[in-house]
Amino acid sequence: MRVHEETLAHVRALVARLQAVPNGFYVSRLAGIHPEDIRTEEDFLSLPFTDKNDLRSAYPLGLAAVPPREIVRVHASSGTTGAPVVIPYTKKDIADWADMMARSLAIAGVGPDDRLQIATGFGMWTAGSGFQTGIERLGAMAIPAGPGNTARQLRFLIDMEATVLCATASYALQLGEEAQKRGLLDQLRLKKAIIGAEHWTQKTGEQIANLLGVEIYDMYGLTEIYGPGTGVSCAEHDGMHMLDEMLLYEVIDPHTLRPVPDGETGELVITTLFKEGAPLLRYRTGDYTRFLPPCPCGGVTRRIDRVSRRGEGPSMEKLDEALFRLPGLVDCRAEFDGVLKISARALEPGLEGDIERAVSACFPGLPVKLIGVGEGMEDLRPFMPQEFAAALFQS
C-alpha cells in the first residue's frame, strides 16, 4: 500500500467533513481524532473501518452527510439479508460518477461511435443508471433496454446495430444461446461485452465470447461506492484498472486488519475521497483481490486482480467450478429464499445426484432443493446474483 501526501490531504479533508455533520454517522466513530494529525500512512491505518452492518444500521438516510435539500437521488441494495443500504447522491456525486463511468468505458476501448445496449436493471439498482450516465458523458449512444424480455433485447441489438452489450454474465450467455437458437447470430454487430454485477468464471466468459463473437471486459462496482465504474479491465484482459484518483484502495488481511504486501490476496477496502452524499471511510467490501504490477497497456492507475467474494463458507468460484466440471452440464440458475434452489440445463439426463452432491460439498448444511434438470430456467434469477451472494457470504 502507498498513501501519498496529496491523498493524505484529501483524507484529512474527508475526516473534517465527516466530523462536521450534525449528528452524523461518523461523528462518534471519529471522536478524539484530529484531522491535522493524519500525516503518515500509519496515521491513516489507525482510522476506523466501516462495514456492511454499519451501513444497514443507518437505514434509511443515516449515512447522509449533506442536508436533505442537497440530495438529488438515492440508490439502494436489495435488503436481502436485512435493512437495505440506502446511498444518497448529490449533483456533484452524480457528475463524478458519470465521469468515472465514462473513463472506465474508455479504458475498455469504448468510444463515441459505439452503441451500447444496457441489459441490466434500473430503478434502485445502480447498474442501469450508472451505465446510461457514463455512456452519455462519453458521447456514445445509450440503448437503455433494461433487463429481461429476450425477444425484444435481440430485436434492439439487431435493429439498433449495437456494438457493445452491457449485462450480467448469465444474461449475456442467455442472449447468445437464444440468438443461436433463432439463427440471428450473423445479424449481430456486437464487438464487446462489458460484464459485471455477478461472479462469472473464465469458462462462462469464453462461452459468451464464442457465442456472440465479442471481446469480454470485466467491470467492478458497488452500490455503496457510487456503483459500476469503480474498476474495469483493459485490452490486456489481466486484472482491472481502478480509478485511484477518486478512491483510496487497500488490500488487508481480514484477521490482522493490516495491509498485505502487493501481490498477496486480501480483502478490498475502499475510502471515497470526494463523495458528498454518503462518504465512506475505510469500507470493508467483503471482496477479495490483490494488487497487480503496472499494466503493459501503459495505464497509470493501480490494478487489482479479478475480484472474488469470500466469507465463512467456500467461494462462489469454487461452486461454479464444482458444477461446471460435471460432464454434460450446460448452464445453471439459482434463487435463494432461505433454501438454495438450483435449476440446470444438461445435454443428457442423470445429473441430478451429481449436482446435489457438488452443491452440498460446497455449502454443507445449507438447505438445497434441485428444481430440475432440463429446460425452463428463464423465470429463475441469474445464477449467483449479487444479492444471493450477499445472503450466502455476508454475516
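About the thresholds
- Residues numbered from 1 in each chain as written.
- Predicted model: local features only at pLDDT ≥ 70, side-chain atom pairs only at ≥ 80, totals over all residues.
- Heavy atoms only, no water.
- Helix = DSSP H or I, 4+ residues; strand = E, 2+ residues; numbered from the N terminus.
- Buried < 20%, exposed > 50% of the residue type's maximum accessible area, 1.4 Å probe, protein only.
- Contact = heavy atoms within 4.5 Å.
- Areas by Shrake-Rupley, 256 points an atom, 1.4 Å probe, with all protein chains shown as cover.
- Axes fitted to C-alpha atoms, helices over the stretch in contact; angles between N-to-C directions.
- Parallel < 35°, antiparallel > 145°, perpendicular 65-115°, else oblique.
- Salt bridge = Lys/Arg side-chain N within 4 Å of Asp/Glu carboxyl O.
- Pairing = 2+ DSSP bridges.
- Right-handed = clockwise from strand over helix to strand, strands pointing away.
- Core = buried A, V, L, I, M, F, W, Y, C linked by side-chain atoms within 4.5 Å.
- pLDDT = per-residue confidence, 0-100.
- Expected span 1.5 Å × (residues − 1).

Caption draft 1: Structural detail: the overall build of the protein chain. When you go through the protein chain residue by residue, the secondary structure sums to 11 helices and 18 strands. The burial tally for the protein chain puts 55% of its 395 residues in the buried class. Once local pairs closer than 6 in sequence are excluded, the contacts in the protein chain between residues at least 24 apart make up 65%. Per element, the accessible surface of the protein chain, about 16700 Å² overall, is 51% carbon and sulfur.

Caption draft 2: Quick peek at the environment of Thr265. Within the secondary structure layout, Thr265 lies in the loop between strand E10 (247-252) and strand E11 (266-272). Sequence separation between Thr265 and Ile304 is 39 residues, and the spatial gap between their C-alpha atoms is 9.8 Å.

Caption draft 3: Region of interest: the packing of helix H6 (residues 150-159) against helix H7 (residues 169-181). Put simply, H6 and H7 touch, their axes get as near as 10 Å, and they point 80 degrees apart. Between H6 and H7, the angle falls in the class roughly perpendicular. Residues Thr150, Gln153 and Leu154 of H6 form the contact with H7, whose participating residues are Tyr171, Gln174, Leu175, Glu178 and Ala179.

Caption draft 4: Representation of the pattern of salt bridges within the structure. Per the stated rule, a full pass over the model turns up 16 salt bridges. A salt bridge links Arg302 to Asp262; the nearest nitrogen and oxygen atoms lie 2.9 Å apart. Here Arg302 is found in the loop between strand E13 (291-292) and strand E14 (303-304), whereas its partner Asp262 is found in the loop between E10 and E11, with 40 residues between them in sequence. With a relative accessible area of 17%, Arg302 lands in the buried category. According to the relative accessible area criterion, Asp262 is partly exposed, its value standing at 38%. Salt-bridge contacts for Arg290 lead to Asp305; the nearest nitrogen and oxygen are separated by 2.9 Å.

Caption draft 5: Spatial organisation of unusual backbone geometry. In this structure, the amide linkage connecting Tyr59 to the following residue, Pro60, adopts the cis form with an omega of 0 degrees. Phi angles above zero are rare outside glycine, and Asn149 is one such case at about 55 degrees. Following the sequence through the fold, Asn149 ends up in the loop between strand E4 (141-143) and H6. Unlike most non-glycine residues, Arg282 shows phi in positive territory, near 50 degrees. With respect to the secondary-structure elements, Arg282 resides in the loop between E11 and strand E12 (283-289).

Caption draft 6: Main features of the pairing of strand E7 (residues 215-222). With six of its eight residues buried, E7 lies for the most part within the structure. Bridge count for strand E6 (residues 192-195) against E7 is four bridges, and the pairing is parallel. If you follow Lys192 over to E7, its bridge partner there is Glu215. Crossover E6 to E7 through helix H8 (residues 202-212) is right-handed. Alignment of E7 against strand E8 (residues 225-232), held across four bridges, turns out to be antiparallel. From the neighbouring strand, Gly221 faces E8, where its bridge partner is Pro228. A loop of two residues connects E7 with E8, the two strands running antiparallel in sequence.

Caption draft 7: Just the nonpolar core, in detail. Residues Val11, Phe44, Leu63, Tyr220, Ile225, Leu247 and Ile270 are the most contacted members of the largest nonpolar core, which totals 45 residues. Setting aside residues no more than four positions away along its own chain, Tyr220 makes contact with Gly227, Pro228, Gly229, Thr230, Gly231, Met240, Met242, Leu268, Ile270, Thr285, Asp287 and Val307. Core analysis: the next-biggest nonpolar cluster, separate from the first, contains 25 residues, Leu165, Ala179, Leu190 and Trp200 among them.

Caption draft 8: The environment of Gly299, seen in detail. Mapped onto the secondary structure, Gly299 falls in the loop between E13 and E14. In this structure, the C-alpha to C-alpha distance between Gly299 and Cys234, residues 65 residues apart in sequence, is 9.0 Å.

Caption draft 9: Looking closely at the confidence of the model for the protein chain. Looking at the protein chain, the pLDDT average stands at 85 and 82% of residues meet or exceed 70. A low-confidence stretch, residues 311-315 stays under pLDDT 50, and its non-local contacts, those more than four residues away or across chains, total eight contacts. Contacts of residues 375-395 to residues separated by more than four positions or lying in other chains number 69 contacts, the stretch itself having pLDDT below 50.

Caption draft 10: Up close: helix H5 (residues 126-138). Helix length check: H5, at 13 residues, gives a terminal C-alpha distance of 18 Å against a target of 18 Å (1.5 Å per residue), a fit within 8%. Taken across its 13 residues, H5 has 10 buried, putting it largely inside the fold. Among the residues of H5, Thr126, Ala127, Gly128, Ser129, Gly130, Phe131, Thr133, Gly134, Ile135 and Leu138 are the ones counted as buried. Once H5 ends, the next one or two residues include Gly139, with phi positive near 95 degrees.

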